[in-house]
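Read off the chains here:
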Amino acid sequence: MNRVERSLAVPEEMAGLRLDQALARLLPDFSRARLQKWIREGAVEVEGEIVTLPRQKLVGGEEIRLAAEPPEAIRLEPEPIPLDIRYEDGQVLVVNKPAGLVVHPAPGHPSGTLVNALLHHRAALAELPRAGIVHRLDRDTTGLMVIAKTLPAHHALVEQLQARTVRREYLALVHGELTAGGTVDGNIGRHPVDRKRMAVREVGGREAITHYRVARRLHGFTLLRVRLETGRTHQIRVHLAWIRHPVVGDPVYGGRPRFPAGISGEARAAVAAFHRQALHAARLAFTHPTTGEAVEVTAELPADFAHLLEVLG
């Protein structure tokens, strides 16, 4: 693969951003983690000087030069994995992702992903950044994702996500009985000890805001409607665990199942047997990148989630 070389001018409106933040916006083809690695390796110059601190602040107008070795390529192969398509036209595609389907290939998981399925559905997606995917869901979170089918649509959807105008609403079953909705406003970053987990950080982290309201009260549990204002890794799971109402079945942030007094044996067994987070992206609304019209798509709960609610109810 060819060496990655870019020359960029920092727009004045990016004044005050960190170097890695600005590069993430200017180079959406690369992950922020990849850009941070290149910065630390000395592959980035600002105004002719090598900068190795991703957090260095910019004043706007600087010239940036990136000259880096490419990441190890993962060969992406189309695979005939079924897609539950809920909306499609010439510009965008909305799919209902099942539990267990990884979104992006990675060194430890190079195949059997949503990207492989999308390339089989439309080979031209190989020409777009991340095969047109502009946001993600965790492996065992179900529900709606929008994918761009053209480069202009990709740019438009990324801009909408950055402007926080894409509306993403989830259903989450949590431990405990909440009496009212609310908002969780807590920066999210890597856990200070366990780097595989995320955590709410009083110092550092990235801004993260989650809104929730009660959809249904159950004995010892609550079904919430959750709306994301930002889109950080594991945001809903981390925020709900932080307010001590973790998502049922969450293997990372859920802890041991909490059962209220008087719960039936059937309900106890159903919760104990639910081995993934009870989280579903149920509603997705955005502005169509070409027509400017509002697009809204909904997806019903998957069968295992619906059965769990039926038993608890």
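Computed from a prediction, not measured in an experiment: that's the story for all the values here.

Q: Sorry if this is basic, but what is going on with the overall build of the protein here?
A: Scanning the protein for helices and strands turns up seven helices and 15 strands. Taken over the C-alpha trace, the protein has a radius of gyration of 21 Å; the compact-globule value for 313 residues is 20 Å, and the two agree within 12%. Counting only C-alpha atoms, the protein reaches 70 × 45 × 40 Å along its principal axes. Within the span of the protein, comprising 313 residues, buried residues form 46% of the whole. In the protein, once contacts between residues fewer than 6 apart in sequence are set aside, the share between residues at least 24 apart is 65%. As displayed, the protein has an accessible area near 15,800 Å², and 48% of this comes from carbon and sulfur atoms. The average position of the 41 basic charges and that of the 36 acidic charges among the side chains of the protein differ by 6 Å.

Q: Sorry, what's going on with the environment of arginine 225 here?
A: Here arginine 225 is to be found in strand 13 (residues 221-228). Classification of arginine 225 as partly exposed rests on a relative accessible area of 30%. Each C-alpha atom of the pair arginine 225 and valine 203 lies 28 Å from the other, and the pair is 22 residues apart in sequence. Leave out the neighbours within four places in its chain, and arginine 225 touches Glu169, Tyr170, Leu171, His211, Tyr212, Arg213 and Ala215. Looking at arginine 225, its side chain comes within polar contact range of the side chain of glutamate 169, at 3.5 Å.

Q: Please explain the pairing of strand 14 (residues 279-287) as it appears in this structure.
A: Consecutive residues of a regular strand have side chains that alternate between opposite faces of the sheet. Burial analysis of strand 14 places seven of its nine residues in the buried class, which makes it a mostly covered element. Here strand 7 (residues 142-148) pairs with strand 14 via two bridges, running parallel. Looking across to strand 14, one finds that glycine 143 is bridged to alanine 281. With six bridges connecting them, strand 8 (residues 167-175) and strand 14 associate as antiparallel partners. Opposite arginine 168, over in strand 14, you have leucine 284 as the bridge partner. Between strand 14 and strand 15 (residues 294-298), which follow one another and run antiparallel, lie six residues, and glycine 292 among them has a positive phi close to 80°.

Conventions we followed
- Residues numbered from 1 in each chain as written.
- Predicted model: local features only at pLDDT ≥ 70, side-chain atom pairs only at ≥ 80, totals over all residues.
- Heavy atoms only, no water.
- Helix = DSSP H or I, 4+ residues; strand = E, 2+ residues; numbered from the N terminus.
- Rg over C-alpha atoms; globule rule 2.2 N^0.38 Å.
- Buried < 20%, exposed > 50% of the residue type's maximum accessible area, 1.4 Å probe, protein only.
- Contact = heavy atoms within 4.5 Å.
- Areas by Shrake-Rupley, 256 points an atom, 1.4 Å probe, with all protein chains shown as cover.
- Lys, Arg positive; Asp, Glu negative; His and termini not counted.
- Charge placed at Lys NZ, Arg CZ, Asp CG, Glu CD.
- Polar contact = N/O pair within 3.5 Å; in protein donor to acceptor, adjacent residues only side chain to side chain.
- Pairing = 2+ DSSP bridges.

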